[in-house]
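Summary of structural features
Here is how the chains run, residue by residue.
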Amino acid sequence: MSVNNPKAVKVMLPEGGPGNLQTTSAMAAKANAVAATNGGGFYIRPVPGKPLFYPLYYTVQEGKVVSQVSRYQSEILVGLTKSGKLTGGAFSSDIKVQKAGITEGISFSPQLVKNGKRLHKPGGIKGPRTAIGQKKDGSLLFLVIDGRRPGWSSGATLFELQEIMLNLGAYNAYNLDGGGSSTIVFNNEVLNKPSDNSGERRVATCWVVLSAPRKDNGNDNRSPKPVTGDLIKNGDFKSGHKDWNGGKIIGIDANGNKYISNGYNWGVYQDLFLNPGKHYQINAQTRKGSAVTPARLVVLYIDDSGKYIRKNLVDIRHKHNGAGWESMPATEFTVPGGAVKTRVFLLINGGKGNHHFDNISIKEVQGNNPSPNPNLTYTVVPGDTLWAIANKFNTTVDKLIEINKITNPNIIYPGQKLVISPN
């Protein structure tokens, strides 16, 4: 995965902060992240009265050291500076970490590539791997390799990992926690096959790629910009399906909370009269129903002739992590010129069954224009097709063809880089 804007990459901690563990996908969902990978290592500290799990060495968020323990082996702090430069090394104090200008960082080892030169020789044991690197142009590289899965992937040695990062153009690169921790997430979906038999492992830190600057440090909810005035009517469905077209399926929780359910159809929507050129933020909650596909929320615009305007389309797709209510990614949008109506749809992303929706909200955003999602790049692997890639990233073949200027959709080759639009 390639991220053109390194300032969109931050460190995320589990619920409760240092001393706790959480899956990479759960931390990514809490941060409303576009993408994420696991981060640094951690170890068990069986000290009475102290948290059991600790991130190795240093952990840094927003320029502050949030966790520090003695070096377990030969860990180094791997971090990003305020300008987005990837750096790493050993430090003797918090003050020296701050003087180095590291604003986001986790710890593991070793460094793989330094100033374009390899640092490791052939050999070693194959296994699942995660790495971070940076090209000379400043873009960041994240690489996750599956392993310990006969018939799928045996993994890579550190030398092989180094060679891959060099081939991808890394000028500097570092090995991160691997093994069962190796995980990559995009749009709330785990894309790889973690090696633990129990599934995705809980970890102490992760890297997240945000579509807007993050305000919190993993211990509170974040809101990208001040917002005012809820514009959705009956978004909590306390009045049943009132103000919504369709949606006769109204459920009631054990505590009396009402919600709406829908499957793969475009019959549940609400029309709003929002101002063209103004900026808004939409929020929603969803709970897993009987469908196996993600929950979906779409915002389209209608002109005075009744035709849809597809500019600034919002298409949020959320794969559920559990059985409870979960927040869909908060998304900002600008109503395009010529729109006389804004239509909000609730549905699932194809297939049979349904999902549940509640607490739909749209508020006007005060201040700057919405921040664009960072560009993400996918490297084609053997056996890939455009159709498989489109399905993996919840996009369309037509969109991949248009963005990447593909002339023959039947021909893509391993190593080819494709730009993926998050929405």
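Numbering of residues begins from 1 in every chain and follows the order in which that chain's sequence is written. At least 70 in pLDDT is required for a residue's local features to be given in this predicted model, at least 80 for side-chain atom pairs to be given and counted, and no such filter applies to totals for whole chains, interfaces and linings, which use all residues. To obtain the side-chain values, all non-hydrogen atoms of the structure were included, while hydrogens and water were left out.

Moving on, we come to the overall build of the chain. Secondary structure elements follow DSSP: runs of H or I of four or more residues count as helices, runs of E of two or more count as strands, with numbering from the N terminus. Tallying secondary structure elements over the chain gives five helices and 33 strands in all. The cut-offs for exposure are 20% and 50% of the maximum accessible area for each residue type, with area from a 1.4 Å probe on protein chains only; residues under the lower value are buried, those over the upper are exposed, and the others partly exposed. When the 423 residues of the chain are sorted by exposure, 54% land in the buried category. For the chain, the proportion of contacts with a sequence separation of at least 24, taken over those separated by at least 6, is 72%. Note that accessible areas follow from Shrake-Rupley with a 1.4 Å probe, and for residues the cover is restricted to the protein chains shown. When the accessible area of the chain is evaluated, it comes to approximately 19,300 Å², of which 50% is carbon and sulfur surface. Contact definition: two residues touch when any of their heavy atoms are within 4.5 Å.

Strands pair in a sheet through their backbones, by hydrogen bonds, and they do so in one of two ways: parallel or antiparallel. The criterion for strand pairing is that DSSP finds at least two bridges linking the strands in question. Spatial strand order, S24-S30-S26-S27: four strands in an open sheet with antiparallel pairing. In the strand order of this sheet, the two ends are held by strand S24 (269-272) and strand S27 (308-318), each with one partner. Averaged over all pairs of adjacent strands, the angle between strand axes in this sheet comes to 15°, irrespective of strand direction. As a rule, the C-alpha atoms of each element are fitted with a line to give its axis, helices using only the stretch in contact, and angles between N-to-C directions run from 0 to 180 degrees.

Turning next to the confidence of the model for the chain. Confidence scores labelled pLDDT are given residue by residue by the predictor and lie between 0 and 100. Averaged over every residue, the pLDDT of the chain is 85; residues scoring 70 or more account for 89%. Taken as a whole, residues 212-228 scores under 50 in pLDDT and shows 53 contacts with residues more than four places along the chain or in a different chain.

Next up on the list: the sheet that holds strand S17 (residues 184-186). Pairing in this open sheet of five strands is antiparallel, and the strands run S2-S20-S4-S17-S18 from one edge to the other. Every other strand in the sheet has two partners, leaving strand S2 (9-12) and strand S18 (189-190) as the edge strands with one partner each. With four bridges connecting them, S2 and strand S20 (residues 206-209) associate as antiparallel partners. Bridging from a neighbouring strand, Val-9 pairs with Val-209 of S20.

Another aspect to go through is the environment of Leu-77. As for its position among the elements, Leu-77 is in strand S9 (residues 76-81). Spatially, the C-alpha atom of Leu-77 lies 6.4 Å from that of Gly-105, the residues being 28 residues apart in sequence.

Our next topic: the side chain of Ser-107. Along the chain, Ser-107 turns up in strand S11 (residues 102-108). Given the relative accessible area of 1%, Ser-107 is considered buried. Counted as a polar contact is a pair of N or O atoms within 3.5 Å, where, for protein atoms, one must be capable of donating a hydrogen and the other of accepting one, and residues adjacent in sequence contribute only when both atoms are in side chains. Here Tyr-58 takes part through its backbone oxygen, which lies 2.7 Å from a polar atom of the side chain of Ser-107. With near-sequence residues (within four places) excluded, Ser-107 lies in contact with Gly-40, Gly-41, Leu-56, Tyr-57, Tyr-58, Glu-75, Ile-76 and Leu-77.

Let us look at the pattern of salt bridges. Counted as salt bridges are all cases of a side-chain nitrogen of Lys or Arg within 4 Å of a carboxyl oxygen of Asp or Glu. Counting across every chain of the model gives twelve salt bridges. We note a salt bridge from Arg-343 to Asp-271, for which the minimum N-O separation is 2.6 Å. You can see Arg-343 sitting in strand S30 (residues 341-348) and its partner Asp-271 sitting in strand S24, a full 72 residues away along the chain. Salt bridges here are not isolated pairs; linked through shared partners, they connect Asp-271, Lys-341 and Arg-343.

Relative to the helices and strands, Glu-326 resides in strand S28 (residues 326-327). Neither His nor the chain termini are counted; the positive set is Lys and Arg, and the negative set is Asp and Glu. Buried within the structure, Glu-326 lacks any salt-bridge partner; Lys-288 is the closest side chain of opposite charge, at an N-O distance of 9.0 Å. Here His-318 takes part through its side chain, which lies 2.7 Å from a polar atom of the side chain of Glu-326. Contacts of Glu-326, omitting those with residues within four sequence positions, involve Ala-284, Gln-285, Thr-286, His-318, Lys-319, His-320 and Asn-321.

Attention shifts here to unusual backbone geometry. Residue Pro-110 is reached from Ser-109 by a cis peptide bond, and omega for that bond is 0°. Inspection of the secondary structure assignment puts Pro-110 in the loop between S11 and strand S12 (111-114). Not every positive phi belongs to a glycine, and Asn-32 is a case in point at roughly 55°. Structurally, the position occupied by Asn-32 is in the loop between helix H1 (24-30) and strand S4 (35-38). Located in the positive-phi region is Tyr-57, a residue other than glycine, with phi close to 55°. Within the secondary structure, Tyr-57 sits in the loop between strand S6 (53-55) and strand S7 (58-61).

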